[in-house]
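Here is what each chain is made of, one letter per residue.
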Amino acid sequence: MSRIGDMPVPLPDGTSASLAPGHLTVRGPKGELGVPVPEGVGASLEGTRLRFTCARGTSTALQGLTRALANNCVTGVTKGFSKRLEIVGVGYRARMQGRVLVLQLGYSHPVEVLLPDGIEAKVERNTKIEVSGIDKQLVGQTAANIRALRKPDPYKQKGVRYEGERLRSKEGKSGAA
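Right, let's walk through the structure included here. All figures in this text were calculated on a predicted structure; none of them were measured in a lab. (Residues numbered from 1 in each chain as written. Predicted model: local features only at pLDDT ≥ 70, side-chain atom pairs only at ≥ 80, totals over all residues. Heavy atoms only, no water.)

This paragraph deals with the pairing of strand β10 (residues 111–114). The alternating pattern of β10 places Val111 and Val113 on a buried face and Glu112 and Leu114 on a face that is not buried. Summarising the sheet, strand β9 (residues 100–104) and β10 pair through 4 bridges and their orientation is antiparallel. Paired with Leu101 across the bridge in β10 is Val113. The hairpin formed by β9 and β10 contains 6 residues between the paired strands, and Gly106 there has a positive phi angle of roughly 85°. (Buried < 20%, exposed > 50% of the residue type's maximum accessible area, 1.4 Å probe, protein only. Helix = DSSP H or I, 4+ residues; strand = E, 2+ residues; numbered from the N terminus. Pairing = 2+ DSSP bridges.)

In spatial order, the strands read β11-β12-β7-β13; together these 4 strands make up an open sheet with antiparallel pairing. The open sheet has two edge strands, β11 (119–124) and β13 (159–162), and neither has a second partner. The sheet shows a mean angle of 25° between the axes of neighbouring strands, direction not considered. In this structure, strand β7 (residues 81–88) lies alongside strand β12 (residues 128–133), joined through 6 bridges in antiparallel fashion. Bridge pairing in β12 places Arg84 opposite Glu130. (Axes fitted to C-alpha atoms, helices over the stretch in contact; angles between N-to-C directions.)

Next up on the list: helix α2 (residues 136–148). With 13 residues, α2 extends 18 Å from end C-alpha to end C-alpha; this agrees with the ideal 18 Å at 1.5 Å per step. Of the residues making up α2, those classed as buried are Val139, Thr142, Ala143, Ile146 and Arg147. The buried residues of α2 all sit within an arc of 140° when viewed along its axis, so they share a single face. Buried residues in α2 make contact with β7, β9, β10, β11, β12 and β13. (Expected span 1.5 Å × (residues − 1). Arc of directions from axis to C-beta. Contact = heavy atoms within 4.5 Å.)

Take the packing of aromatic side chains next. Taken as a whole and assessed by the stated rule, the structure comprises 0 aromatic pairs. Note that Lys83 overlies the ring of Tyr162, its terminal NZ or CZ placed 5.5 Å from the centroid. Above the plane of the ring of Tyr107 lies Arg150, whose end atom (NZ or CZ) is 4.2 Å from the centre. (Phe/Tyr/Trp six-rings, centres within 6.5 Å; stacked < 30°, edge-to-face > 60°. Lys NZ or Arg CZ within 6 Å of the ring centre and 35° of its normal.)

Turning our attention to the sheet that holds β10. What the 3 strands build is an open sheet, ordered β8-β9-β10; its pairing is antiparallel. With partners counted over all chains shown, the strands left at the sheet margins are β8 (93–97) and β10, one partner each. Looking at each pair of strands side by side, their axes are set apart by 25° on average, direction ignored.

Attention now goes to the pattern of salt bridges. For the coordinates displayed, the defined rule picks out 6 salt bridges. Across the salt bridge formed by Glu163 and Arg84, the nearest N and O atoms sit 3.2 Å from each other. Residue Glu163 is located in the segment after β13, and its partner Arg84 is located in strand β7; the two are separated by 79 residues in the primary sequence. Arg84 gets classed as partly exposed once you look at its relative accessible area, which sits at 27%. (Salt bridge = Lys/Arg side-chain N within 4 Å of Asp/Glu carboxyl O.)

Within the secondary structure, Arg161 is located in strand β13. At 4.5 Å, Glu86 is the nearest oppositely charged side chain to Arg161, a buried residue that forms no salt bridge. Among the polar contacts made by the side chain of Arg161, one reaches the main-chain carbonyl oxygen of Gln157 at a distance of 2.5 Å. Excluding anything up to four places from it in sequence, Arg161 contacts Arg84, Leu85, Glu86, Val88, Arg147, Pro152 and Leu167. (Lys, Arg positive; Asp, Glu negative; His and termini not counted. Polar contact = N/O pair within 3.5 Å; in protein donor to acceptor, adjacent residues only side chain to side chain.)

Below, the structure is given as structure tokens:
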């Protein structure tokens with residue numbers, strides 16, 4: 001029995017859902033997202049709630065997964081998602097140039113990141129980046145790709161990190177005695 005999958009997904013005012021065989025589409029004030037509904041998982045719209053059921057012999061994990069993805073779609077089209085990154089290091093900075101994020105990360109050249117469709121980025125004070133959009137997976141992947149350009153260094157604490165990320169500081173080499 002899936003505890004997550006049995007909970008209904010409430011549809012707030014201004015959002016609507018439509019069901020097609022094997023697919024669920026959610027529309028809201030910020031846009032439209034879709035979720036595949038696997039075989040063995042039933043989806044039904046009961047007033048302003050979405051319910052997911054599991055067929056006998058099907059893994060209840062699929063029911064919980066489908067329900068969680070649908071809930072993320074509803075949250076995305078109503079509120080949206082965002083990830084905040086901070087850049088730490090002397091001379092490290094960022095700026096927006098149209099749909100391209102230009103980063104100076106200590107390399108001999110600037111690093112340019114073309115933002116995917118549906119993703120927006122804001123740069124504050126040259127060192128804070130906010131990646132936002134309606135698709136939770138795409139927002140998280142874009143933020144992870146930006147972070148991977150210069151991961152935080154455990155020795156000098158420089159690089160691109162998530163806001164509030166705690167780094168374990170390592171001690172450098174101890175010289176010969």
